[in-house]
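Read off the chains here:
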Amino acid sequence: MMRQTIRRILVAVDPSKSRDAAFDRALVLARGSNVELYLIHVNPRRPVSRFADSGADLELERSEGERSRLGALVRSAKEEGVEVRVVTAQGDDPARAIAAQAHLVMADLIVMSRDFGSSRVWRRSRVAAAVGRSPPVPVLIVPSQKPAPYPAETPFKKIVVAVDFTVASAVALRAATDLIAQNDGRGTAVHALSHASPMAFSGGEASGVIDDWRQRTARGEARLRRAIPAAASHRVKPRVLAGDAGQAILDVAAEVYADLVVMGVPSRNRLGEWLFGSTFRKVV
């Protein structure tokens, strides 16, 4: 994923906010790598009103503020030697606009913040989850706030990759091992085993349940080891946990202080998510 195949990064920025964590991360990835940044901001269509003149000054002030912040991002990128272009899209569906623009500029990666498109009061990941669900290229979703600036060195050293033995997760595992090899990093492959609702057992029944669970865990770990490419086996540790997959991924990521979580996301509509749940949305 991150070998020198990345030449163009599309960054979804929100110029109404003073800081954009997605831009910070994209700049680290582009710095010194001959990568072009495309900054996209989506303006919603505003209905025309006969009372529009009364708010014209406020609208002009907002537009000038956004242009000023976009200009500051462009200048900071050029100071780092990174080529940058600004793209404006109109529409009420930012996820669709971002995906469409990624096609148009032939981007190799989309970078956006988790809370893109949400208000400062009501933080939501709706747009990021929609883009990540069926993207034309890989999507890097970053926390909207970071306690400290990103380091100038290689950004991904500790990587967690979710594996459920589907085609999507196989692609994710390959991308993660490529990143680990490129960055001289370490990885953890996580697989979650489903389990029955908590119940109480005693005596021989309890012993049987424990033995069965140990066998399931051992089989899962053996299968996970076989899925890890041989060239990366010394860098990637398999972990099999019980319970909810989303929580298992987050727990391991917190435990190893992961810089990145890699997931292969199969295409699924909102109805499918409602019926079967979404590990990806939980992790985001």
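Scroll up for the structure.
Residues numbered from 1 in each chain as written. Predicted model: local features only at pLDDT ≥ 70, side-chain atom pairs only at ≥ 80, totals over all residues. Heavy atoms only, no water.

Trainee: I tried to follow the overall build of the protein chain on my own but got confused; where do I start?
Mentor: Helix and strand counts for the protein chain come out as nine helices and nine strands. Considering only intrachain contacts with a sequence separation of at least 6, the fraction spanning at least 24 residues in the protein chain is 77%. Put simply, the protein chain shows about 16300 Å² of open surface, and 53% of that area lies on carbon and sulfur atoms. (Helix = DSSP H or I, 4+ residues; strand = E, 2+ residues; numbered from the N terminus. Contact = heavy atoms within 4.5 Å. Areas by Shrake-Rupley, 256 points an atom, 1.4 Å probe, with all protein chains shown as cover.)

Trainee: I would appreciate a short explanation of the packing of aromatic side chains in the present structure.
Mentor: Two aromatic rings, taken as a pair, are described by how far apart their centres are and by the angle between their planes. The final tally for this structure, using the stated rule, is zero aromatic pairs. The cationic tip of Arg 223 hangs over the ring face of Phe 165; the distance from NZ or CZ to the ring centre is 3.9 Å. (Phe/Tyr/Trp six-rings, centres within 6.5 Å; stacked < 30°, edge-to-face > 60°. Lys NZ or Arg CZ within 6 Å of the ring centre and 35° of its normal.)

Trainee: Sorry, what's going on with the pairing of strand S8 (residues 236-242) here?
Mentor: For a regular strand, side-chain orientation follows a simple rule: the groups alternate between the two sheet faces. In terms of burial, S8 is largely enclosed, as five of its seven residues are buried. As paired elements, strand S7 (residues 186-193) and S8 share seven bridges and run parallel to each other. Paired with Ala 192 across the bridge in S8 is Leu 241. (Buried < 20%, exposed > 50% of the residue type's maximum accessible area, 1.4 Å probe, protein only. Pairing = 2+ DSSP bridges.)

Trainee: Help me out: how do you make sense of the sheet that holds strand S4 (residues 109-113) in this one?
Mentor: The strands making up a sheet associate through hydrogen bonds between their backbones, and the pairing can be parallel or antiparallel. The parallel open sheet is built from five strands, whose spatial order is S3-S2-S1-S4-S5. Two strands bound the open sheet, and with one partner strand each, they are strand S3 (84-90) and strand S5 (139-142). For this sheet, the mean inter-axis angle between neighbouring strands, taken without regard to orientation, is 25°. In terms of strand pairing, strand S2 (residues 36-43) meets S3 through seven bridges, oriented parallel. Its bridge partner being in S3, Leu 37 is matched across the sheet by Val 84. Here helix H1 (residues 21-30) sits on the sheet in contact with strand S1 (8-12), S2, S4 and S5, set at roughly 170° to S1. (Axes fitted to C-alpha atoms, helices over the stretch in contact; angles between N-to-C directions.)

Trainee: Would you take a moment to explain H1 for this structure?
Mentor: Since the α-helix packs 3.6 residues into each turn, any two residues three or four apart lie on the same face. Burial analysis of H1 places nine of its ten residues in the buried class, the great majority of the element. Of all the positions in H1, only Ala 21, Ala 22, Phe 23, Arg 25, Ala 26, Leu 27, Val 28, Leu 29 and Ala 30 are classed as buried. One or two residues past the end of H1 sits Gly 32, with phi positive at roughly 70°.

Trainee: It is not clear to me how helix H3 (residues 94-104) should be interpreted in this structure. Could you clarify?
Mentor: Buried residues of H3: Pro 94, Ala 95, Ala 97, Ile 98, Ala 99, Gln 101 and Ala 102, and no others. Those residues of H3 that are buried lie in contact with S1, S2, S3, S4 and helix H4 (126-133). Immediately downstream of H3, the backbone of Met 106 shows phi near 55°, a positive value.

Trainee: I keep staring at unusual backbone geometry and nothing clicks. Help me out?
Mentor: In terms of backbone geometry, most residues other than glycine have negative phi values and most peptide bonds are trans. Residue Phe 165 is not a glycine yet carries a positive backbone phi of 65°. The residue Phe 165 is located in the loop between strand S6 (158-162) and helix H5 (167-183) in this model. For Phe 165, a relative accessible area of 22% corresponds to the partly exposed category. Unusually for a residue other than glycine, Tyr 257 sits at a positive phi of about 55°. Structurally, Tyr 257 can be placed in the loop between helix H7 (245-255) and strand S9 (260-262).

Trainee: Just to check I follow, could you spell out the pattern of salt bridges for this structure?
Mentor: Opposite charge on two side chains permits them to pair, given that their charged atoms come into close proximity. Under the definition given, this model contains nine salt bridges. Among the salt bridges present, the one from Glu 80 reaches Arg 31, with a minimum N-O distance of 3.1 Å. Taken together, the residues Glu 80 in the loop between helix H2 (56-79) and S3 and Arg 31 in the loop between H1 and S2 connect sequence positions 49 residues apart. We note a salt bridge from Glu 36 to Arg 85, for which the minimum N-O separation is 3.6 Å. Taken as a pair, Glu 36 in strand S2 and Arg 85 in strand S3 lie far apart in primary sequence, 49 residues in all. (Salt bridge = Lys/Arg side-chain N within 4 Å of Asp/Glu carboxyl O.)

Trainee: I keep staring at the nonpolar core and nothing clicks. Help me out?
Mentor: Nonpolar side chains tend to gather and get buried jointly when the protein is soluble and globular. With 42 residues, the main nonpolar core has Ile 9 and Leu 37 as its most contacted residues. Excluding anything up to four places from it in sequence, Leu 37 contacts Ile 9, Val 11, Phe 23, Ala 26, Leu 27, Ala 30, Val 82, Glu 83, Val 84 and Arg 85. Core analysis: the second largest hydrophobic core is formed by 20 residues, Tyr 38, Val 105, Ile 110 and Val 127 among them. (Core = buried A, V, L, I, M, F, W, Y, C linked by side-chain atoms within 4.5 Å.)

Trainee: Is there a simple way to think about the sheet that holds S7 in this case?
Mentor: Pairing is parallel across the open sheet formed by four strands, whose spatial order is S8-S7-S6-S9. In this open sheet, the two strands that pair with only one neighbour each are S8 and S9. Each strand axis lies, on average, 25° off the axis of its neighbour in the sheet, ignoring direction. Sheet topology note: the S6/S9 ladder contains three bridges and is parallel. Each bridged residue has a counterpart across the sheet, and for Val 160 the counterpart in S9 is Val 261. Of the strands in this sheet, S6, S7, S8 and S9 touch H7, which is tilted by about 155° from S7.

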